[in-house]
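The residues making up each chain are set out below.
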Amino acid sequence: MRPPIRYAWEHLRLKRLEREKLVASFPTVMVMGEREEPRVTHVLKRGVYDAPGDVVEPGVPAALGSLPAGSPKNRLALGRWLVDRKNPLTARVAVNRYWQMLFGTGIVSTVEDFGSQGEWPSHPDLLDWLAVELMDSGWDVKAMMKTIVMSDTYRQTSAATPEMLEKDSDNRLLARGPRVRLPAESVRDQALAVSGLLHEELGGPSVKPYQPAGLWTELSNWKEYQHDEGDGLYRRSLYTFWKRTIAPPAMVAFDAAPRETCVVRETRTNTPLRALDLMNDVTYVEAARKLAERMVHQLAARRRLRARGLRVPAGDGARARGARGADPAAACASWTATRQSPKTRRSWSRWVRVVTTDRSRRKSWRPTRRFRA
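Calculation rules
- Residues numbered from 1 in each chain as written.
- Predicted model: local features only at pLDDT ≥ 70, side-chain atom pairs only at ≥ 80, totals over all residues.
- Heavy atoms only, no water.
- Core = buried A, V, L, I, M, F, W, Y, C linked by side-chain atoms within 4.5 Å.
- Buried < 20%, exposed > 50% of the residue type's maximum accessible area, 1.4 Å probe, protein only.
- Helix = DSSP H or I, 4+ residues; strand = E, 2+ residues; numbered from the N terminus.
- Contact = heavy atoms within 4.5 Å.
- Polar contact = N/O pair within 3.5 Å; in protein donor to acceptor, adjacent residues only side chain to side chain.
- 1 Å grid on protein atoms, 1.4 Å probe; cavity = no way out; pocket = protein on both sides within 12 Å on 5 of 7 lines; lining within 4 Å.
- Points joined across faces, edges and corners; volume = space filled by probe spheres on them.
- Nonpolar A, V, L, I, M, F, W, Y, C, P; charged D, E, K, R; others polar.

(A) Up close: the nonpolar core. The biggest cluster of nonpolar side chains holds 18 residues, and the ones touching the most others in it are Val95, Tyr98, Trp99, Met144 and Ile148. When residues of this core are traced back to their parent elements, those giving at least two are α3 (90–103), α4 (124–136) and α5 (141–149). Broken down by element, the residue count for this core peaks at seven residues, all from α3. Non-local contacts of Ile148, meaning those with residues more than four positions away in its chain, are made with Tyr98, Trp99, Leu102, Phe103 and Tyr154. Ala184, Ala191, Trp242 and Met251 belong to the second largest nonpolar core, which has 10 residues in total.

What follows is the structure, given as structure tokens:
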């Protein structure tokens with residue numbers, strides 16, 4: 001019979017192992033610390049390392065204000081200066097990039113250059129107003145994006161008459177809505193979203209979606225690329241593993257920016273290569289198949305509704321898609337929690353009972369059956 005101290009030692013050892021496992025699971029981030037004694041920095045004459053010139057100290061351009069009074073000249077002071085309301089640059093640069101994201105071209109078209117070599121803003125007052133709104137909202141990016149997309153300028157039609165194209169082919173006067181292709185990452189995410197395959201988990205390690213076989217081996221003699229399984233194939237493109245010398249081909253095909261340098265204004269081209277990728281890439285083939293399956297199921301549900309003299313409540317397309325195949329009680333509970341009229345709730349409850357009917361009882365049902373319009 002082992003003594004009690006033996007049991008205590010075993011318990012302590014297991015707890016230590018649990019602690020080590022917990023600590024190992026924490027993500028680590030490299031940080032930098034300030035030197036107690038700042039290093040003396042010189043201007044190098046003609047860039048020669050052994051020809052020091054005048055001594056220089058940390059600071060910011062005088063035309064853009066100054067560091068906060070009384071604060072040490074370190075990176076914390078620099079961060080505070082960047083978001084200071086007296087800084088005329090940060091907020092304007094930020095909202096200009098948001099505008100480019102939605103309209104294809106920024107209010108200042110040279111988004112990478114706000115200096116004297118850049119282009120003058122097409123609407124200076126609008127740029128100033130958006131910058132002030134961003135700061136007043138506490139730098140709330142979501143609120144700023146909502147403000148832009150709900151504006152009459154963004155919501156107007158993108159159709160252009162010959163007169164408009166002749167007078168303003170680049171839409172710098174904002175006489176029509178934006179008409180630009182989605183960026184490379186959004187093209188893939190959009191296909192996965194409409195098909196219902198997109199896995200919306202936030203955070204986590206990089207993932208490896210589908211990629212042509214043998215690409216890594218042929219271009220860099222690297223080990224063979226192994227794509228992930230399950231949800232890893234359908235995560236947002238933001239989490240795609242990116243090899244420095246071999247970018248993901250699905251990104252390159254749609255003009256994704258290379259990561260050798262910082263690029264804030266991507267090119268947008270349209271060539272047959274895009275159609276070839278969309279028709280043959282495994283990701284888009286699976287998305288198309290799931291979208292077609294989704295449409296067939298939805299059409300079948302609508303036909304069953306019409307056969308029973310029922311109809312889908314207006315504006316409930318998203319709820320209808322989410323309720324198909326779900327638990328009827330849970331779907332009804334989720335619906336009744338919303339602020340809708342009793343008449344609409346009754347229609348929705350009847351609809352859920354119809355579309356969640358057990359298909360195993362209907363042996364004649366075929367998912368590939370053709371329906372007439």
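From this point, things continue past the structure.
(B) Region of the structure containing the side chain of Arg274. With respect to the helices, strands and loops of the structure, Arg274 is situated in helix α11 (residues 272–280). The exposure class of Arg274 is buried, given its relative accessible area of 9%. For Arg274, the side chain forms a polar contact with the side chain of Asp255, separated by 2.8 Å. Discounting chain neighbours no more than four positions away, the residues touching Arg274 are Arg181, Ala253, Phe254, Asp255 and Thr269.

(C) Examining the layout of surface pockets more closely. Here the largest pocket defines a volume of roughly 1,100 Å³. Lining the largest pocket are 32 residues; nearest its centre among them are Gln100, Met101, Pro183, Glu266 and Arg268. Elements supplying a minimum of two residues to the lining of the largest pocket: α3 and α8 (184–195). Per element, the largest residue contribution to the lining of the largest pocket is six residues, and it comes from α3. Taken as a whole, the second largest pocket spans an internal volume of roughly 610 Å³. For the lining of the second largest pocket, the secondary-structure elements that each account for two or more residues are β2 (52–56) and α2 (75–82). Broken down by class, the residue content of the lining of the second largest pocket amounts to 10 nonpolar, four polar and six charged.

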